[in-house]
Amino acid sequence: MEAQEPGPRIAEGFSGAPVWDDQQNGVVGMTVAAHRGERTAYLLPSAELVDERTLRPVCPFQGLAPFTEGDAEFFHGRDSDTARVHKAVRGRPVTLVAGPSGCGKSSLVRAGVLPLLRAEGMSVSELRPVPGVRAAAVLARALTGILEPGLGEVGRLVKAEELAGLLDSGDDVTAELRGRVLARGASAGHVIFVDQFEEYAGAAEPAAVRRLFGLFAALAGKDGTAVLRVVATTRPDSLDVLVTAGTSDLVSDAVQFIAPLAADNLERAVTAPVDAVPGLWFEPGLPERIVADAGDEPGRMPLVQFALTELWKRRSRSMLTHAAYGDLGGVAGALVGYAEDTLSELTRDQQERARRLFVQLARPADGDTFSRSPTRTADLAPELLHVARELAPGKLVVLSPAPGGGEREEMVDLAHEALTALWPRLRQWLVDSRDFRSWQERLRTDLKRWQTQHHEPARLLSGTDLAEAGHRLARHIEDISAAERGYILLSRRHSRRGARLRQARSGRWPFSRCSPSYWRSPPGRASGRPRTNCAPRPRACSPRPPRTGRAATPPPRCSSPWPPGTPGGPPRPARPCCTSTRGGSIWWAATRRSGTVRSPAWTPPRTAVPSSYGRSPAAAVG
């Protein structure tokens, strides 16, 4: 290094002194030697002096993850939007931050708005609504964590269910809840941040979505000098379900739209985080190259952040270089290349399981697009959960605590929705499975409706829906969760039971053409033992006798060319052929009231013949 005039000459005694670089705005090394009588001196670069295992360097970029409150110093480019949303939250009960996927809504609220609210004396809690949970339970689980923070796992779940029941009862308890929340919050009030509201709006029934929004609006308000506010992030297409004649004014007043960053703000978002880290700097011209490569796509921000994160990992002596950026493949190539490299490290079996996992973590959306679909670990097959834990350290999937769940319950989610559009392999997987996943999402909606309506039989599958479910179950049994399989099988049993009852009521007994009868025993056999007489070829049974009297009449016996006990008659079958299509013999164990059969009773095949066999149905029942 050269000391410039009129600065001091580096001489003896400067050894070990830090060297400051005005351009990089940080220390770049330590002085170790100097030529006597000259202005030339030598330094050791900072990269050679710092053991990164001991003093870990700070990465100012977030990859595919959103910025958090702790990353506020690295969040730039949204100054005007941050001020506008902050003002809205302070002045309105509910604020909806709406914008396209990938524009940075969650980062704006977390790293921009929430730190300002905390600085003003407000406390914050976060809620991410899980599809499949009724609206009252979503809010109850969040409030239980605020009101009863010391409860254990079981106690918290019990309290949440009790609170959900109160919210569902119709009583006006939101005002009391607001007062209790504010009593536990900070002096200025409390803010509930609802992240990814579109996930609930896209999967739940419209009535449930409106119900949850209505609960948020009723809970928010003022109690004395403290206020309770709700701020949620969502996509614009999720607003349609909220707008009704009674909510249009509230929704219109709540919405704050966020657009993708303009080019100048995007460049600030790229350069300002580097400026905040002493000793880290860009090679000249690289920020402009990155902004140009990002283009005007709405979801470009996560791609830029991911490329910058990978570029930081490949820095050369604290400098982000053109060469490293070119090796990454630019903004778009960085994500695709990383995803492919991560997948290639798995075995062939693991790659197939990864395909099944990724397909479950996205659901078909409007047009040819796909949306993220967070999934509980309890709903995943063990082999899929294992591969999710293998992929989590690489950040392609994210494991996080399940909102309102137990301490050990987790959610699995894609790192970012941009993966569904920009990773060609994943997109092809999703396109190939679109038909199945569309059906599965409908099945899950039916299952959730059945669960929330107290397992009403009318909500089980029937008709063509049940037939399609059976077909899908046979082809995709590994990709259908245990709860979904149970729902399909229960629907099947309920449908068969209903069919048997309808047959019984109509008098069309589901018997085969063969019926057991008594026959004379051949020598050496006990007399009176029943056996089945079967015709050697199909013969029509006689018409069903009229239903008269108080007891059901057994079906007529089929005719046979061999009278019972005739020598040379038909061979004795290995087992009775009077079986149902499922292999169970039908026995006359029915009662009649007013001439109507109540229920047929079934016995499994290969069972001993009851002693009442051959008697009248009334005698058999009696």
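The structure under discussion appears in the preceding block.
Predicted model, so just to flag it, every value in this text is computed and none were measured.

K.L.:
Please explain helix 19 (residues 434-452) as it appears in this structure.
P.N.:
Residues spaced three or four apart along an α-helix point in a common direction, a consequence of the helix completing one turn every 3.6 residues. End to end, helix 19 covers 27 Å across 19 residues, agreeing with the expected 27 Å (1.5 Å per residue, within 8%). Restricting attention to buried positions, one finds in helix 19 the residues Phe436, Arg437, Trp439, Gln440, Glu441, Leu443, Arg444, Leu447 and Trp450. Its buried side turned inward, helix 19 meets helix 15 (348-360), strand 12 (362-364), helix 20 (463-475) and helix 21 (482-506). After helix 19 finishes, the residue His454 shows a positive phi value of roughly 60 degrees.

K.L.:
What is the right way to look at a nonpolar patch on the surface in this model?
P.N.:
There is a patch of nonpolar side chains on the surface, built from Val32, Tyr42 and Leu44 and spanning about 240 Å² of accessible area. Within the secondary structure, Leu44 is located in strand 3 (residues 41-45). Given the relative accessible area of 37%, Leu44 is considered partly exposed.

K.L.:
Looking at this structure, how should I read the pairing of strand 8 (residues 226-234)?
P.N.:
Regular strands place side chains that alternate from one sheet face to the opposite one. When you tally the buried positions in strand 8, you get 9 out of 9 residues, the bulk of the element. Every second residue of strand 8 is oriented toward a common face, with Ala226, Leu228, Val230, Ala232 and Thr234 on one face and Val227, Arg229, Val231 and Thr233 on the other, all of them buried. Examined bridge by bridge, strand 4 (residues 94-98) and strand 8 share 5 bridges and lie parallel to one another. Its bridge partner being in strand 8, Leu96 is matched across the sheet by Ala232. Direction of pairing for strand 6 (residues 189-194) relative to strand 8: parallel, over a ladder of 6 bridges. Within the sheet, the bridge partner assigned to His190 lies in strand 8 and is Leu228. Pairing of strand 7 (residues 221-223) with strand 8 involves 3 bridges; the strand directions are antiparallel.

K.L.:
What's the story with the pattern of salt bridges in this structure? I'm lost.
P.N.:
Two side chains with opposite charge may pair up if their charged atoms get near one another. Tallied over the full model, the rule gives 31 salt bridges. For Asp253, the salt bridge identified is with Arg92, shortest N-O distance 3.9 Å. Linking Asp253 in helix 9 (residues 248-254) with Arg92 in the loop between helix 2 (79-91) and strand 4, this pair joins segments that are 161 residues apart in sequence. Taking the shortest distance from any N to any O, the salt bridge between Glu198 and Arg235 comes out at 3.9 Å. Here the residue Glu198 occupies a position in helix 7 (residues 197-203), and Arg235 occupies one in the loop between strand 8 and helix 9, the gap between them amounting to 37 residues. One continuous salt-bridge network, built from bridges that share partners, spans Arg128, Glu199, Arg372 and Asp413.

K.L.:
Please explain the sheet that holds strand 16 (residues 410-414) as it appears in this structure.
P.N.:
Two strands in a sheet stick together by hydrogen bonds in their backbones, pointing the same way (parallel) or opposite ways (antiparallel). Taken in spatial order, the 3 strands line up as 14-16-15 in an open sheet, and their pairing is antiparallel. Each edge of the open sheet carries a strand with a single partner, namely strand 14 (375-376) and strand 15 (397-401). Two elements, strand 15 and strand 16, share 5 bridges in a ladder whose sense is antiparallel. Within strand 16, the residue paired with Val397 across the bridge is Leu414.

K.L.:
Is there a simple way to think about the side chain of Lys105 in this case?
P.N.:
With respect to the helices and strands, the residue Lys105 is situated in helix 3 (residues 105-119). The buried charged residue Lys105 lacks any salt bridge, with Glu198 as its nearest oppositely charged partner at 5.1 Å. When sequence neighbours within four positions are dropped, the list of residues in contact with Lys105 reads Val97, Ala98, Gly99, Pro100, Thr233, Thr234 and Arg235.

K.L.:
Whenever I open this one, the packing of aromatic side chains confuses me. Can you help?
P.N.:
Given two aromatic rings, one states the distance between the centres and the angle between the planes to describe the pair. Applying the stated criterion across every chain, the model contains 7 aromatic pairs. With 5.4 Å between their ring centres and 45 degrees between their planes, Trp450 and Tyr487 make a pair best called tilted. Of this pair, Trp450 sits in helix 19 while Tyr487 is found in helix 21, placing the two residues 37 residues apart along the sequence. Here the aromatic residues Phe358, Trp423 and Trp429 are joined through ring pairs into a cluster of three or more. Arg315 extends its terminal NZ or CZ atom over the ring of Trp312, reaching a point 4.0 Å from the ring centre.

K.L.:
Sorry if this is basic, but what is going on with the packing of helix 19 against helix 21 here?
P.N.:
Geometrically, a packed helix pair is captured by the angle between its two axes and the distance between the axes. Between helix 19 and helix 21, whose axes approach to 10 Å, the crossing angle comes to 75 degrees. Taken together, the axes of helix 19 and helix 21 are roughly perpendicular relative to one another. In this structure, helix 19 uses Trp439, Gln440, Leu443, Arg444, Asp446, Leu447 and Trp450 to contact helix 21, whose residues at the interface are Ala483, Glu484, Tyr487, Ile488 and Leu490. Looking at the contact of helix 19 with helix 21 residue by residue, the class counts come to 8 nonpolar, 1 polar and 3 charged.

K.L.:
Even after reading the chapter, I still don't get the environment of Ala232, so can you show me in this structure?
P.N.:
Residue placement: Ala232 occurs in strand 8. Put simply, Ala232 and Leu96 are 136 residues apart on the chain and 5.0 Å apart in space, counted from C-alpha to C-alpha. Ignoring anything within four residues of it in the chain, the contact list for Ala232 reads Thr95, Leu96, Val97, Val194 and Phe197.

K.L.:
Looking at this model, I keep getting lost on helix 20. Mind explaining?
P.N.:
Compared with the 18 Å implied by 1.5 Å per residue over 13 residues, the 19 Å span of helix 20 between its first and last C-alpha is a close match. Listed in full, the buried residues belonging to helix 20 are Leu466, Ala469, Gly470, Arg472 and Leu473. Axial view of helix 20: buried residues confined to an arc of 165 degrees, hence all on one face. Summarising the geometry of helix 20, the exposed residues directed more than 90 degrees from the buried face are Thr464, Ala467, Ala474 and Arg475. Residues of helix 20 that are buried make contact with helix 19 and helix 21.

Calculation rules
Residues numbered from 1 in each chain as written. Predicted model: local features only at pLDDT ≥ 70, side-chain atom pairs only at ≥ 80, totals over all residues. Heavy atoms only, no water. Helix = DSSP H or I, 4+ residues; strand = E, 2+ residues; numbered from the N terminus. Expected span 1.5 Å × (residues − 1). Buried < 20%, exposed > 50% of the residue type's maximum accessible area, 1.4 Å probe, protein only. Contact = heavy atoms within 4.5 Å. Patch = residues over 30% accessible without salt bridge, like charges linked within 9 Å, V, L, I, M, F, W, Y side chains within 5 Å. Areas by Shrake-Rupley, 256 points an atom, 1.4 Å probe, with all protein chains shown as cover. Salt bridge = Lys/Arg side-chain N within 4 Å of Asp/Glu carboxyl O. Pairing = 2+ DSSP bridges. Lys, Arg positive; Asp, Glu negative; His and termini not counted. Phe/Tyr/Trp six-rings, centres within 6.5 Å; stacked < 30°, edge-to-face > 60°. Lys NZ or Arg CZ within 6 Å of the ring centre and 35° of its normal. Axes fitted to C-alpha atoms, helices over the stretch in contact; angles between N-to-C directions. Parallel < 35°, antiparallel > 145°, perpendicular 65-115°, else oblique. Nonpolar A, V, L, I, M, F, W, Y, C, P; charged D, E, K, R; others polar. Arc of directions from axis to C-beta.

Such coordinate-based values are descriptive only and should not be taken to indicate function.
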